[in-house]
Amino acid sequence: MVTPRGRDASFPTAMPSALSVLLSIHADGATPRGAHSQSPTLTQVTERPHYFDSLADPEQAMSTVNHNSADRTLLSTSNIRSEVSRFASSPATETSPLLPPPNGSVTAINGHALAPSKRSTPSKRLSSLMHGIIGDTHKIYPQELARTVLKSLPAVLLGTLLNILDGVSYGMILFPASGVFAGLGGMGVSMFFVSTVVAQLVYCLGGSSFAGANGSMMIEVVPFFHILAATIARDIGDEYPKEIIATTIAAFALSSVLTGLTFFLLGYLRLGVLIGFFPRHILVGCIGGVGIFLILTGLTVSTRLSSDALDPPTLETLRYFILNTHALAQWVPPLILAVLLRFITMRWKHQLVFPIYFMIIPVVFYVVVAAAGLDLGALRKHGWLFDMAEGTGGGEDRWYGFYSYLDIGLIQFTPLWTTLPIQFALLFFNILHPPLNVPALSVSLDVDIDTNKELVGHGYSNLLAGFLGTVPNYLVYVNTLLFYRVGGGTRIAGFLLAVATCILLLIGTGPIAYIPVMVVSALIFVLGIDLVKEALWDTRNRVSRMEYITIVSIMVTMTAWDFVIGVLFGIVVSCFFFVVQNSQRRSIRASYAGESAISTVRRPAAHRAYIREVSKQTRVLRLQGFLFFGTIAHVEETLRNIVEDAAWQRNPVRFVVVDLSLVVGVDMSAAEAFVRVQRLLAAKGVVLVFCGVTPENPCGKALSSVGILQEPSVEVFETLNDAMEWTENAYLRAWFRAQKSWTTPITLPGRRDTSLSFDETLTGSPRQMQLRDVGERTIAGEFLDKDSENSSEPYNTLLNAFSSYHDVEQNTFRQIAPYFERFTFSDGFVLWENNDTPDGLYIIESGILRASYKFAEHSPVIEESMVSGTLAGELSALSGMPRNARVVVEQQAVLWKLSVESMRRLEAEHPHLAQIFVQLVLKAAKVDTDILLAALATR
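Model, not experiment: these values are computed from the prediction.

Comments concerning the overall build of the chain
A count of helices and strands for the chain gives 35 helices and 17 strands. Residues counted as buried form 53% of the 939 residues belonging to the chain. The long-range fraction of contacts in the chain, counting pairs at least 24 apart against all pairs at least 6 apart in sequence, stands at 80%.

Structure, rendered in structure tokens:
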């Protein structure tokens, strides 16, 4: 849908067609005020942005659209098409206005000035002020602005409440609650709100394609901040508290800078999609580890213990939580409240349930306090309310108090340098959030966005937060979704939320002292339980057993030792399980004898019968995937079994063909395994033949690096068909050399000749004796016929082509021979092209033809060679259908042609002979077609 300038891209608008504009001209015929009659203006028919209604299903977002009519203005007929076309073709940009213009003319369309309006109202100053937010020249009218603000108030109130809950819950635990960091909870809240305001302003001013995007501090990274703080405190020493706090704040700001720089580069280089390929189960394990951390933090916050009291949990600490009555009274109620909320949301899924629930808790708390006449000071002393001293900047309860600690002269750069491994682990965890949240939000809101653009916006917001000395931030999926559903789908609403959050920041953290601890604890428990449930329960039937073990092991490692160690451990375990899983997957796609993979060369029937039997001495092994140390063991074992005593006695092998066409790579361990196998095969007189390998591809380079391709008993071919053709030629040459009676070359031109030398007598070994026996039963009969007194042509060629298919009297071939016409063609002559009209069929006396088949655009060209004693073009000639291949003379050929006219004459003069001949041709064609189909099926 085309979105006009002046409207957010996420909301559809109704476009005026040229016909509707023409009708409006005839309907009104008046020029708007302030426009010259010779320079008409164009007003747009607008739709107000639709707002997401409240839904029961949290995964859906419905919209209602309100229409308002626009003034119709007179257009000169000559300008209608150009203006409308220019108007409709302009996409919405981040400088689009927040509001559509009211009933009246616009001042510009796609940057082209229109006739200026003479309307002058007091709203000019307001329009000028809003121009900084809108980034456009459009005016903002008070009545339209007021309506938008009123509609945005529910969303702004909800967003503000969510920011308060998140800020109090996670800002309070930004710093550890013990040692030099005790009493800095309020300062953490201020840093939370500063980062949130920065993110909200960046997003609503165009940093995000989501008009109502909600930015917030990354609350999931709190565990890493605790590790940073503890590491810095240990390196500097507790006797230097100011240096520790200053360096810790600098470390937090450095994490924002690193995160922002990474986000910006990923978006600028358009690499955002690549992050989505990171193993999901490692991230899920990290999320589960954060969930456990939050549950443990909820326990320490509830009981007012130090944050490292459960780092790791000890038997004494657990006994305190279970047996101490006061501790039980502090942590059990918020845990029950968190569990109760989850049961409530399972039954009622309205988006207001969550904020209303946590607004009721403090109300009930103070009702009980008032009814019982309890003293707030005593409650605060016993840990039911937060301490008054936990304000920003210690005694200075101001939002900017944390800057008083950020003294450049107090920052210790050596401890800051030692935290870089933790910073990189934190960075790794940070960069995985937007590529997951942004697409999910896009689906939920049905808005098309560019992930790379969102990453650039995240880069700006985090860089700005880092330069302001605060913590990383990001676009929050849940908050944004709720914000949209209650009418916050405009940039005005996002800007108002930034203003409201800024007001919270300016008020300071003094009111925190009156927030019940159980409210914050319950919020922390809710998120912790949700994250643990997402990691352990939701994935139980969605991941493999090894992936589930990885998730659990990451969570255990993070809880027992460290978050950084947990991330690294997860990566190592994933690599280990990857090797184990892939080593269990067989790299051998197929293993069969050579008789099942005859080449596509058309040979005389006697030759094929010979090859089909002797090819049992060829073993084909087709491999797939990536060959590495985990998968090559099974391949090596299979190759060794071929030449073991038991298998060797049953079926001795002459060639082992290893097809690497489907192999994407070979590591050094696999290449060296082939070297070991080749030595074993060579000792048995077996030739190792590689196919699907070229010097340029990864497999060829890997095998060349270990020198196996240069071994004398190793052959290399590009395709399996070439490799099988070479082995077949070797078998044929062995037979004809032993007979010393065959002069026609067996190896086809353009292919590699075989220098393989079998025993000239074909006696001695079982392999040679098999060649002799098979040859005597197949090819030897052909020579007996050729030595007969009937040695004229094309009689010998007809006999060579058809004698093995049927017991036909020699007189039959003698009567058919006169209908054939002799032709001689030189190398490179094209007999016919694909789709040519057939002129007859050919029988090859000598020479070689080459046919090229292209069955589909996406399929490779299939080559087929035709040698002496075979047919060419028989099916198309008999059927009268167009040729299905391109046939070229590869070696000077003598052909006998039965033209279409001669075929008709044969049918008329000798119907019985024609019938016999057609049957013989169909039998030969059937065999040739079967072999071609078999070759296609095995490629």
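Let's pick the thread back up.
Some details on the pattern of salt bridges
Scanning all chains against the criterion turns up 18 salt bridges. With its nearest N and O atoms 2.9 Å apart, the salt bridge here joins D839 to R883. Linking D839 in the loop between β13 (830-832) and β14 (840-853) with R883 in the loop between α33 (874-879) and β17 (886-899), this pair joins segments that are 44 residues apart in sequence. R883 gets classed as buried once you look at its relative accessible area, which sits at 2%. Connected through shared salt-bridge partners, R602, R608, E864, E874 and D928 make up one network.

Quick look at the sheet that holds strand β11 (residues 714-717)
Read across the sheet, 5 strands follow the order β7-β8-β9-β10-β11 without closing on themselves; strand pairing throughout is mixed. The sheet is open, and its two edges are formed by β7 (588-593) and β11, each paired on a single side. Averaged over all pairs of adjacent strands, the angle between strand axes in this sheet comes to 15°, irrespective of strand direction. The pairing of strand β9 (residues 655-666) with strand β10 (residues 687-691) spans 5 bridges and is classified as parallel. Looking at the pairing, V657 lines up with V689 of β10. Sheet strands in contact with helix α26 (residues 668-683) are β8 (618-627), β9, β10 and β11, and its direction is about 175° off that of β9. Together, β9 and β10 form the strand contacts of helix α27 (residues 698-705), whose direction differs from that of β9 by roughly 115°.

Observations regarding the packing of aromatic side chains
Throughout the structure, instances matching the rule amount to 23 aromatic pairs. Geometrically, the ring pair formed by F674 and F690 is edge-to-face, given 5.4 Å between the ring centres and 90° between the ring planes. In this pair, F674 is assigned in helix α26 and F690 in strand β10, connecting sequence segments 16 residues apart. Taken as a pair, F674 and F690 share a single burial class, namely buried. Ring geometry for F802 and F813: centres 6.4 Å apart, planes at 5°, overall stacked. Of this pair, F802 sits in helix α31 (residues 795-802) while F813 sits in helix α32 (residues 810-816), and the two are 11 residues apart along the sequence. F813 carries the same exposure label as F802, and that label is buried. A cation over a ring is seen here: R380 above Y514, with NZ or CZ 5.6 Å from the ring centre. Positioned above the aromatic ring of Y795, the side-chain terminus of R814 is 5.8 Å from the ring centre.

Considerations on the environment of F193
Structurally, F193 can be placed in helix α5 (residues 185-207). Residues F193 and C502, 309 residues apart in the sequence, show an inter-C-alpha distance of 7.5 Å. Contacts of F193, omitting those with residues within four sequence positions, involve N163, I164, G167, T501, L504 and L505.

Section: the environment of M555
If you trace the backbone, M555 turns up in helix α21 (residues 545-560). For M555, the contacting residues outside a window of four places in its chain are G285, G288, G289, I292, V532, A535 and L536.

Quick notes on the nonpolar core
Considering soluble globular proteins, one finds that nonpolar side chains tend to be buried as a cluster. By size, the foremost hydrophobic cluster in this structure holds 72 residues, and its most contacted members are L174, F175, F181, M191, F225, F252 and L294. What L174 contacts, discounting residues up to four positions off in sequence, is G188, M191, M217, F225, H226, F252 and V471. With 33 residues, the next largest nonpolar core counts W648, V677, L681 and L703 among its residues.

Remarks on helix α28 (residues 720-739)
The end-to-end C-alpha separation of α28 is 29 Å, in line with the 28 Å expected for 20 residues at 1.5 Å each. The buried count for α28 comes to 16 of 20 residues, which makes it a mostly enclosed element.

Some thoughts on the confidence of the model for the chain
In this model, the chain carries a mean pLDDT of 77, and residues with pLDDT of at least 70 account for 77%. In this model, residues 784-788 is a region of pLDDT below 50 whose contacts with residues beyond four sequence positions or in other chains number 2 contacts.

Overview of the side chain of T480
For T480, the location among the structural elements is in helix α18 (residues 477-485). Look at T480 and you get buried, because its relative accessible area is 0%. At 3.1 Å, the side chain of T480 forms a polar contact with the backbone nitrogen of N214. Apart from the residues within four sequence positions on either side, T480 is in contact with G212, A213, N214, L441 and L475.

Quick notes on the packing of helix α6 (residues 222-236) against helix α15 (residues 420-430)
Interaxial distance between α6 and α15 falls to 10 Å at its minimum, and their mutual angle equals 170°. Taken together, the axes of α6 and α15 are roughly antiparallel relative to one another. Here α6 contributes F224, F225, I227, L228 and T231 to the contact with α15, which in turn contributes I422, Q423, A425, L426 and F429. Broken down by class, the residue content of the contact of α6 with α15 amounts to 8 nonpolar, 2 polar and no charged.

Observations regarding a nonpolar patch on the surface
Taken together, the side chains of L261, L265, Y268, L269 and L271 define a hydrophobic patch exposed on the protein surface, amounting to about 490 Å² of accessible area. Summarising the element assignment, L271 is placed in the loop between α7 (241-268) and α8 (272-275).

Examining the packing of helix α11 (residues 325-347) against helix α12 (residues 353-372)
At a minimum axis distance of 11 Å, the contact between α11 and α12 shows a crossing angle of 145°. Between α11 and α12 lies a crossing whose hand is right-handed. Contacts between α11 and α12 involve L337, L340, L341, I344 and T345 from the first element and V353, F354, Y357, F358 and I361 from the second. Counted by class, the contact of α11 with α12 contains 9 nonpolar, 1 polar and no charged residues.

Digging into the pairing of β11
In the sheet, β10 pairs with β11 via 4 bridges, with the strands oriented parallel. Bridge pairing links V689 to E715 in β11.

Observations regarding unusual backbone geometry
In this model, E793 is joined to P794 through a cis peptide bond whose omega is 10°. The topology assignment puts P794 in the loop between α30 (779-786) and α31. The backbone of R270 shows a phi angle near 55°, a positive value even though the residue is not glycine. By the secondary structure assignment, R270 is in the loop between α7 and α8. Given a relative accessible area of 52%, R270 falls into the exposed group. Despite not being glycine, N835 shows a phi value in the positive range, around 75°. By the secondary structure assignment, N835 is in the loop between β13 and β14. Look at N835 and you get exposed, because its relative accessible area is 57%.

The rules we used
- Residues numbered from 1 in each chain as written.
- Predicted model: local features only at pLDDT ≥ 70, side-chain atom pairs only at ≥ 80, totals over all residues.
- Heavy atoms only, no water.
- Helix = DSSP H or I, 4+ residues; strand = E, 2+ residues; numbered from the N terminus.
- Buried < 20%, exposed > 50% of the residue type's maximum accessible area, 1.4 Å probe, protein only.
- Contact = heavy atoms within 4.5 Å.
- Salt bridge = Lys/Arg side-chain N within 4 Å of Asp/Glu carboxyl O.
- Pairing = 2+ DSSP bridges.
- Axes fitted to C-alpha atoms, helices over the stretch in contact; angles between N-to-C directions.
- Phe/Tyr/Trp six-rings, centres within 6.5 Å; stacked < 30°, edge-to-face > 60°.
- Lys NZ or Arg CZ within 6 Å of the ring centre and 35° of its normal.
- Core = buried A, V, L, I, M, F, W, Y, C linked by side-chain atoms within 4.5 Å.
- Expected span 1.5 Å × (residues − 1).
- pLDDT = per-residue confidence, 0-100.
- Polar contact = N/O pair within 3.5 Å; in protein donor to acceptor, adjacent residues only side chain to side chain.
- Parallel < 35°, antiparallel > 145°, perpendicular 65-115°, else oblique.
- Nonpolar A, V, L, I, M, F, W, Y, C, P; charged D, E, K, R; others polar.
- Patch = residues over 30% accessible without salt bridge, like charges linked within 9 Å, V, L, I, M, F, W, Y side chains within 5 Å.
- Areas by Shrake-Rupley, 256 points an atom, 1.4 Å probe, with all protein chains shown as cover.
- Left-handed = near helix turned anticlockwise from the far one by under 90°.

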